[in-house]
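This is what each chain is made of:
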Amino acid sequence: MINYAWLIPLFPTIAAIINGLFGRKYMRHHYSDYIATGAVMTSFLISLVIFFEVVSGSTLNVNYWDWIVSGDLHVSFGFLIDPLTAIMLLVVTGISSLVHLYSIGYMHDDDGYYRFFTYLSMFTVSMLILIMGNNYLLMFFGWEGVGLCSYLLIGFWFEKKSAGDAAKKAFVVNRVGDLGFVLGLFLLISQLGTLDYEQVFQLAPIHLTTGVATAITLLLFVGATAKSAQIPLYTWLPDAMEGPTPVSALIHAATMVTAGVYMVARSHVIYSMSPTTMEIVAVVGAITALFAATIAIAQNDIKRIVAYSTVSQLGYMFMGLGLGAYTAGVYHLFTHAFFKACLFLGCGSVIHALSGEQDIRRMGGLFPHIKLTAITFLIAALANAGIFPFAGFFSKDEILWAAFSGGHYVIWGIGATAAFCSAFYMFRLYFVAFTGESRVDHHVAHHIHESPSVMTGPLVLLAFLAATVGALALPPGNGFIHHFLGNVFGHHEHNVTGIAAEFFHKFSALVTGEPTAHGHLLEYFMMLVSLAIALSGIGLAYLMYYKKVEALNPEVLAVRFRLIYRAFLNKYWVDELYDFLFVNPIKRAGQGLWDFDGKIIDGTVNGVSRLTLIKGEITNFLDKYVVDGTVNGLAIFVDFKSRILRRTQTGDVQNYALVMLFGVVFVMGIYYFY
Amino acid sequence: MNNVLGFPILSLIIFLPLIGAIPIMLLVPKHKFELIRWLSAITTFVTFLVSLILIINFDTTTHQMQFVERHSWIPSIGVQYFLGIDGISILLILLTTMITFIAVLSSWHAIEERLKEFHVSILILEVGMLGAFMALDFIFFYVFWEVMLVPMYFIIGIWGGPRKLYSAIKFFLYTLMGSVFMLIAILALFFVYHHYTGVYTFDILKYMELNFPYNVQWWVFLAFFLGFAVKVPMFPFHTWLPDAHVEAPTAGSVILAGILLKMGTYGFVRFSLTITPDAAQAFVPFIVTLSLIAIIYAGLVCLAQKDMKKLIAYSSVSHMGFITLGTFTFNPQGIEGALLQMINHGLSSAALFLIVGLIYERRHTRMISEFGGLAKIMPVYAVLFAVAIMSSIGLPGLNGFIGEFLVLLGTFKVSYVWALLAATGIVIGAAYSLWLYQRVMFGKLENPENMHLSDLNLREKWTLIPLVILMFWIGLYPKPFLNTMHASVNNIVQRVNPGYTPGLESFKVEAREIPSVGELPAGHIPIDGPGIPVATVQQQGH
């Protein structure tokens, strides 16, 4: 089956073409959903088969056709399937199938039903090309393709101005990232002469100096910060929530935004060559994780909370990658895909139940009305908070452990703080929305209803996975996922270093009486620590929003810590800062240059022509009064005439040619016009 | 250099439009509108079909001229009827025949006034464009070059908008000024060539074989530059373009943006790089600076536009900057990227002007603020518009990406900084293009005048669909297109940048040593300093 991997993107392609060409006229509300969903589910089944083939040791690297051949550049269209791609295939086709299914219910009354499914299919194809391509240009092809589909889907309800703005912002911000990405590709080509993964990873350790490797990886990482919404290019993702909620689940949580993580993981050979880049990736990831988590604390829009949570979790992934724990980073991508998709689809179900309400302050007490949604949401929230034994616990903990065991205590500290915030905002959301008294608008309250089973089905399945896929990482550091991805990233033992580890070893040796060379005991201990951190976050949310302890009244706290609260609420004013620094100056520059163009450049052109006209007037004047007036004597006239004639008889062929040509043009013009 | 077909196919293609134009001009009564339209459409379509014979029989393995026709015309000064095509011109010729046909289709109902003259103008314009791309004799080239000017002048001046006369005259005088410099350069080459070889000829290929002295090259390059830069148009010679576009009827804009602008960049590749290679090397910083300014400056100016046509006109200036930039990288990727980008821009700008034209026909305005929410009632239009926009901003999978990628890669190999600056143009491009799309297509349908706009009819769809198909084709499988160029481009790279070897440090910035051209014949003016014969000719031109 692995040799038929090209079938995986083919089915959604066909679906996109059929729906795109015939959807509006012939299908509208019929069949387009079946076609798209059927196609992506077929792809999922093939992916599943291929996954098991890859587990048993097969891989694939095949070129189908020459894409760009120019000079010494040779780029093919071909696919590579290895464990990393195989696991991404499962995530992409799996989540995509569930989201397709869910959309049948969620989008049912929308006018653009066929359009929605066309875009979903297009997105799936692009994402598949991104992860299946066997060279960087094909990755970029998919990278831009998903960007386009993201643009189209964020702007799906294009009649809302905010949706159009958000779509444009997403695209343009991603273009800034692409700038870095493309320059990184150019540097790769100019250094190694190829973009083919296999060749690049063979040649890179031999031919690249550390400095060049740093430059390449940093440029590529600029692309990743845009696509995966990291500081400083994350600002588009929260706005992207203008899109329909299934889109947020598929594109802005589970798949597209993880493209940057995939890219870094795929390029781990080059990344590992540059300690500087690794450090930067880890630090950017850690800061983003904390930064976004703090913003999430103060938001009131249910989707925005989950969106900032996504940014934060993506930060964890980069933190893991930057620490060299590629397996942990990709594993977190894997688990996050399930629980975050579940959270977003849960949000969608809530919004659906409340006829479009997104503000958690106007929710409350929803649990009894939409039990299935609430329970699945709770499971996913526990996974996101990192509670044992839900999936998020294992993957997040592995990243934190990588930081701690490597002696990166500051990064660990940031990550742990972010973990506390994650637990807190997740359960703030849960308690405010699902428990307590209902604050639902009474017009809406009558209509609260559980979603149809086509929507709750995917929720249940995702919640089940969010609860269980953690088992893939058992036992810690030595589970299925470690062996499977180890085929790509290499199997290496984590050496525990750093002061804290030494101290712990000495301490445990003192207590147990025997020295422990391995860090397992410490690892289990740190698991307990992070579990405690997460639980305390939940506990605080419980006290503040469920028990409503007076000392912890959120409104009082918001007033007391006004500056901090306002900073969180207004997202640290980053959007305003970017507007001030980039957007407005560029717009002003455009206006200014436009004035310059009209007044100075075109003014010069018109000025020259006016001068010529004036010169013509003067000549005319001279001709009429001076020349004519003075040409009285025949002698003078003859002399003058002969002088002119003499000038034409220079014997210079170029003069003749010039005159002839103008004559030809002139005569042609006259003939033609009359 | 031969003609595999054994019959004068190039002459046939050049003069087919004329064959169609003559009956329209002489036989058909003025009021038989349908007949004129059909005759014009059939003529241009047949021309397109015949031009396809070229690509079918095109030999991609050689840089030699193909389908050559050569007849002596004015033997005393060595003027020949000399036509031929190679990998530089083949695609441009196909683009010309296709775009002209589409332009005729697009003006089906848009032009109702003096219909006969309009179609004759278009057909004669096509003759000029095809001739300029095929001519291998400089006199011939120049005649065709000027022939293009006249019908275009009428198209803008008669069927244009409110300021048509101003724009038409500006277009005419500006380009004429440029071409006068070009003519001077041609004559200079003619005399210098005779000076060294004793032969009077306007044979372009002969000129390419001779290594002209550096100072001659320098002046000739400069004169050619003025001619081509106006046509491209390069910053700061670009201000005629927005005016011409805004006033021109849709078909005029389509041909102007789609093909006429390519004359300038074609001229750079065909003449400047091969006849004056050393001077071209020397002018690299100058041209690159102007190109980078054009890319960024024109992109920023686009952000301030309120008229859709003006916006697309300025975006053309920006995109043409990429083409001149790629041309002057002197490596295969840069030049092939530039050549492909000529085709790409031809497709995308033609499509965009058609799209603006379609809405203008319905609403008689092009102001962006008049629109909004059109995607709701014009879904087909929305899709085609989106594809054209995406092609224009270089989305992978569509044609623009391949061209821009190659140009930027070629640039990157010469200078990181240039590539970085040029690449910022891509970000700006996305910003203004998407903003345009958003303001026109997205949002609420609020303007009552837009409520009942009809979506595209079959003819209108088919003016755009061929362009869209080509956009996807070039984007997904550009190999056949790039294949036609390799041999010719490599030949040019060898000529202009003989030290070129694939790899990073291939670019030699310093100019080549000036090759000697043999002993000067006794009694001739020695050429040193900024060229005496050239300077003399220039003075005569003023």
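Basis of the calculations
- Residues numbered from 1 in each chain as written.
- Chains lettered and ligands numbered in written order.
- Predicted model: local features only at pLDDT ≥ 70, side-chain atom pairs only at ≥ 80, totals over all residues.
- Heavy atoms only, no water.
- Helix = DSSP H or I, 4+ residues; strand = E, 2+ residues; numbered from the N terminus.
- Rg over C-alpha atoms; globule rule 2.2 N^0.38 Å.
- Buried < 20%, exposed > 50% of the residue type's maximum accessible area, 1.4 Å probe, protein only.
- Contact = heavy atoms within 4.5 Å.
- Areas by Shrake-Rupley, 256 points an atom, 1.4 Å probe, with all protein chains shown as cover.
- Lys, Arg positive; Asp, Glu negative; His and termini not counted.
- Charge placed at Lys NZ, Arg CZ, Asp CG, Glu CD.
- Core = buried A, V, L, I, M, F, W, Y, C linked by side-chain atoms within 4.5 Å.
- 1 Å grid on protein atoms, 1.4 Å probe; cavity = no way out; pocket = protein on both sides within 12 Å on 5 of 7 lines; lining within 4 Å.
- Points joined across faces, edges and corners; volume = space filled by probe spheres on them.
- Buried area = accessible area lost by both parts, 1.4 Å probe.
- Salt bridge = Lys/Arg side-chain N within 4 Å of Asp/Glu carboxyl O.
- Phe/Tyr/Trp six-rings, centres within 6.5 Å; stacked < 30°, edge-to-face > 60°.
- Patch = residues over 30% accessible without salt bridge, like charges linked within 9 Å, V, L, I, M, F, W, Y side chains within 5 Å.
- Expected span 1.5 Å × (residues − 1).
- Polar contact = N/O pair within 3.5 Å; in protein donor to acceptor, adjacent residues only side chain to side chain.

Engineer: With reference to specific residues and values, describe the overall build of chain B.
Structural biologist: When you go through chain B residue by residue, the secondary structure sums to 20 helices and 2 strands. In terms of overall dimensions, chain B is globule-like: its C-alpha atoms have a radius of gyration of 23 Å, near the 24 Å expected for 542 residues. Counting only C-alpha atoms, chain B reaches 80 × 60 × 45 Å along its principal axes. Burial status across chain B gives 70% buried among its 542 residues. Sequence-distant contacts in chain B: of pairs separated by 6 or more residues, those separated by 24 or more amount to 80%. Of the roughly 16600 Å² that chain B leaves accessible, carbon and sulfur atoms contribute 67%. Measuring between centres, the 29 positive side-chain charges of chain B sit 8 Å from its 29 negative side-chain charges.

Engineer: Lay out the overall build of chain A with the relevant residues and their values.
Structural biologist: Helix and strand content of chain A: 28 helices and 2 strands. Per-residue burial for chain A yields a buried fraction of 57% across its 674 residues. Long-range pairs, those at least 24 residues apart, make up 79% of the contacts in chain A with a sequence separation of at least 6.

Engineer: Report on the environment of Val-281 of chain A, specifying residues and quantitative values.
Structural biologist: All names here are of chain A. Examined against the element boundaries, Val-281 turns out to sit in helix H13 (residues 275-298). For the pair Val-281 and Gly-57, spaced 224 residues apart in sequence, the C-alpha to C-alpha distance is 31 Å. Once residues within four sequence positions are removed from consideration, Val-281 is found in contact with Phe-221, Tyr-271, Phe-318 and Gly-322.

Engineer: Break down the nonpolar core for me, with residues and values.
Structural biologist: By size, the foremost hydrophobic cluster in this structure holds 434 residues, and its most contacted members are Tyr-136 of chain A together with Phe-138, Phe-385 and Leu-467 of chain B. In this structure, Phe-138 of chain B is in contact with Ile-186, Leu-189, Phe-202, Ile-204, Tyr-207, Phe-224, Phe-271 and Ile-275 of chain B, ignoring residues within four places of it in sequence. Counting 22 residues, the second largest nonpolar core, distinct from the first, contains Met-319, Ala-403, Ala-416 and Ala-419 of chain A.

Engineer: Explain the layout of surface pockets residue by residue, including any values.
Structural biologist: Computed from the structure, the second largest pocket encloses a volume of approximately 1100 Å³. Around the second largest pocket, the lining is made up of 31 residues, and of these Val-172, Val-173, Asp-579, Phe-582 and Val-583 of chain A lie nearest the centre. Among the secondary structure elements, those contributing two or more residues to the lining of the second largest pocket are helix H6 (161-192) and helix H26 (574-630) of chain A together with helix H11 (277-303) and helix H17 (416-441) of chain B. Element by element, the count of residues in the lining of the second largest pocket is highest for H6 of chain A, at 9 residues.

Engineer: Tell me about the interface of chain B and chain A, and name the residues and values.
Structural biologist: Residue-level contacts link 84 residues of chain B with 59 residues of chain A. Of the roughly 6500 Å² buried between chain B and chain A on both sides combined, carbon and sulfur atoms contribute 73%. Taken together, the links from chain B to chain A amount to 5 salt bridges. For Asp-66 of chain A, the salt bridge is made with Lys-479 of chain B, and the minimal N-O distance between the two is 3.0 Å.

Engineer: Requested: an account of the environment of Leu-300 of chain B, with residues and values cited.
Structural biologist: The residue Leu-300 of chain B is located in helix H11 in this model. In this structure the C-alpha to C-alpha distance between Leu-300 of chain B and Gly-429 of chain B, which are 129 residues apart in sequence, comes to 8.6 Å. If sequence neighbours within four positions are ignored, Leu-300 of chain B has contacts with Ile-586, Ala-589, Gly-590 and Leu-593 of chain A together with Ile-428 of chain B.

Engineer: Can you lay out the packing of aromatic side chains for me, pointing to particular residues and giving the numbers?
Structural biologist: Counted according to the given criterion, the structure contains 95 aromatic pairs over all chains. Each ring, one from Phe-116 of chain A and one from Phe-117 of chain A, has its centre 5.9 Å from the other, and the planes form 90 degrees; the classification is edge-to-face. With 5.1 Å between their ring centres and 80 degrees between their planes, Phe-118 of chain B and Trp-159 of chain B make a pair best called edge-to-face. On the criterion of sequence distance, the pair formed by Phe-118 of chain B in helix H4 (residues 115-134) and Trp-159 of chain B in helix H5 (residues 138-159) is long-range, its members being 41 residues apart. With relative accessibility at 0%, the residue Phe-118 of chain B sits in the buried group.

Engineer: Please provide a residue-by-residue account of a nonpolar patch on the surface, values included.
Structural biologist: On the surface, a cluster of nonpolar side chains totalling about 1100 Å² of accessible area is made up of Met-1, Tyr-4, Trp-6, Leu-10, Ile-14, Val-49, Tyr-64 and Trp-65 of chain A together with Phe-472, Trp-473, Leu-476 and Tyr-477 of chain B. Among the secondary structure elements, those contributing two or more residues to the nonpolar patch are helix H1 (7-27) and strand S1 (60-70) of chain A together with helix H18 (458-476) of chain B. Among the elements that take part in the nonpolar patch, H18 of chain B stands out by supplying 3 residues, more than any other. One can find Tyr-477 of chain B in the loop between H18 and helix H19 (479-496).

Engineer: An account of H6 of chain A is requested, with residue identities and associated values reported.
Structural biologist: Residue and element names in this part refer to chain A. Helix length check: H6 (32 residues) gives 46 Å between terminal C-alpha atoms against 46 Å at 1.5 Å per residue, within 8%. In terms of burial, H6 is largely enclosed, as 26 of its 32 residues are buried. Just downstream of H6, Gly-193 is the residue with a positive phi angle, here 75 degrees.

Engineer: Explain the pattern of salt bridges residue by residue, including any values.
Structural biologist: Following the criterion strictly, the structure yields 27 salt bridges over all chains and no others. Ionic pairing is found between Lys-413 of chain B and Asp-72 of chain A, a salt bridge with its closest N-O pair at 3.1 Å. Residue Lys-413 of chain B is located in helix H16 (residues 399-414), and its partner Asp-72 of chain A is located in the loop between S1 and strand S2 (73-81); the two belong to separate chains. When the shortest N-O distance is used, the salt bridge between Asp-203 of chain B and Arg-70 of chain B registers 3.0 Å. Taken together, the positions of Asp-203 of chain B in the loop between helix H6 (164-197) and helix H7 (204-209) and Arg-70 of chain B in strand S1 (residues 66-74) put the pair 133 residues apart, joining distant regions of the chain. Given the relative accessible area of 1%, Asp-203 of chain B is considered buried. In the salt-bridge network here, residues are joined through shared partners; they are Lys-169, Asp-239, Arg-304 and Asp-575 of chain A.

Engineer: Tell me about the side chain of Thr-288 of chain A, and please be specific about residues and values.
Structural biologist: All names here are of chain A. Tracing the sequence through the fold places Thr-288 in helix H13. Of note is the side chain of Thr-288, whose polar atom sits 3.3 Å from the side chain of Gln-230. When residues no more than four places from it in sequence are discounted, the contact partners of Thr-288 are Ala-229, Gln-230, Ile-231, Ala-293, Val-311, Ser-312 and Gly-315.

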